[in-house]
Amino acid sequence: MRFKHWLMGIVATVAMVVASTGVYPASAWFWYQPELPPELRK
Amino acid sequence: MIHNYAVRLAAIIAGELKMNERQGIIAYGLEIIIGAWVKLILFVTLPLALGIFPQVAAAALASGIFRLAAGGAHCTAYYRCLVSSLVTFLGIGALSRYLAAYSLPLETIVICVTAWSLVIVWCWAPADTPAKPIVSLLHHKGLRIASLIIVAFYLVTGLYIPLKPDLVLAASLGFFIQAFTITPAGYRFIGIVDRLLSRQITPCRD
């Protein structure tokens, strides 16, 4: 359980870093842009 | 499909970590990460199988770096983006490999693509999308300057660094196509491709 919690924490952190720093290789390099969450619009 | 998986996974993670207010951001990040891996695998395996990996890689690298700053039109669903970008880059790779057998005026091609890109960057870059608008004026200016620097870098690389002709041609075609997707005509073209792939009539951005 503890390991699962840690793993999810790591996945969530990586996902938030990718989302918030604008590191978006899939969307920027090619032709698809997921809908940006309102919290990240600047 | 990837969007749904990302949303479901984000809901599980946010529930487990008691971060429900961050669920949207986690889903957005996961969608990008999962989508990137699927694309990376396909963009490596298919060109390798067809024997055009260096050409496709050169085109994707040139186009991708330019796109990071200049933006451009986007499809509205992941699989449509995947199909259209794969067809485009595999086509560029195959064409570059085929044309490299002939003696092409590469310097002229590089100069023409640079001129084409400069005019387009000057008129339209950075080009945003409704899904990720560029609101900040400072961000807008920064991306515009970065786009001009990338075009200058392409010119210097194409003219002064000794690279294989097929790679220079592939990078030039990638640059050319990417510049086109910034223009209003490019937005209309991607809109048409998007509609053709989805077989639905949806509004397109001008």
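Below you will find a few notes about this structure. Values in this document were obtained by computation on a predicted structure and should not be read as measured data.

When helices and strands are counted, chain B shows eight helices and zero strands. Along chain B, from the amino end to the carboxyl end, the secondary structure elements read α-α-α-α-α-α-α-α. For chain B, whose C-alpha radius of gyration is 19 Å, the value lies close to the compact-globule estimate of 17 Å for 206 residues. In terms of overall dimensions, chain B has a C-alpha envelope of 60 × 45 × 35 Å along the principal axes. Within chain B, the proportion of its 206 residues that are buried is 39%. The long-range share in chain B, meaning contacts at least 24 apart out of those at least 6 apart in sequence, stands at 77%.

Between its terminal C-alpha atoms helix α1 (residues 2–20) of chain A stretches 27 Å, which fits the 27 Å expected from 19 residues at 1.5 Å a residue. Those residues of α1 of chain A lying buried are Ala12, Ala15, Val18 and Ala19 of chain A. For α1 of chain A, the angular spread of the buried residues around the axis is 130 degrees, confining them to a single face. Facing away from the buried side of α1 of chain A by more than 90 degrees, the exposed set consists of Arg2, Phe3, Trp6, Ile10 and Val17 of chain A. Buried-residue contacts for α1 of chain A involve α1 (2–17) and α2 (23–50) of chain B.

Bringing the nonpolar core into the picture now. Judged by nonpolar contacts, the single largest core of 32 residues is most densely connected at Ala59, Ala62, Phe66, Ala70, Ala170, Ala171 and Phe175 of chain B. Secondary structure elements with two or more residues in this core: α3 (53–70), α4 (78–99), α5 (106–124), α6 (137–160) and α7 (165–180) of chain B. Look past the residues within four positions of Ala59 of chain B in its chain and what remains in contact with it is Phe89, Ile92, Gly93, Ala170, Ala171, Leu173 and Gly174 of chain B. Ala15 of chain A together with Ala27, Tyr78 and Tyr187 of chain B belong to the second-largest nonpolar core, a separate cluster that totals 24 residues.

Here the focus is α3 of chain B. Residue and element names in this part refer to chain B. An ideal rise of 1.5 Å per residue puts 26 Å on 18 residues; α3 measures up with 25 Å between its terminal C-alpha atoms. Buried within α3 are the following residues: Gln55, Val56, Ala58, Ala59, Ala60, Ala62, Ser63, Ile65, Phe66, Arg67, Ala69 and Ala70. Backbone geometry just after α3 places Gly71 at a positive phi near 75 degrees.

Attention shifts here to the environment of Gln55 of chain B. Turning to its location among the elements, Gln55 of chain B is positioned in helix α3. For the pair formed by Gln55 of chain B and Val168 of chain B, sequence separation is 113 residues and the distance between their alpha carbons is 8.7 Å.

Residue and element names in this part refer to chain B. In this structure, Lys18 is a non-glycine residue whose phi angle is positive, near 55 degrees. Among the secondary structure elements, Lys18 is positioned in the loop between α1 and α2. Judged by local crowding, Lys18 falls into the exposed class, with 7 C-beta atoms found within 10 Å.

What counts and what doesn't
Residues numbered from 1 in each chain as written. Chains lettered and ligands numbered in written order. Predicted model: local features only at pLDDT ≥ 70, side-chain atom pairs only at ≥ 80, totals over all residues. Helix = DSSP H or I, 4+ residues; strand = E, 2+ residues; numbered from the N terminus. Rg over C-alpha atoms; globule rule 2.2 N^0.38 Å. Buried ≥ 20, exposed ≤ 12 C-beta atoms within 10 Å, placed from the backbone. Contact = placed C-beta atoms within 7 Å. Expected span 1.5 Å × (residues − 1). Arc of directions from axis to C-beta. Core = buried A, V, L, I, M, F, W, Y, C linked by C-beta atoms within 7 Å.

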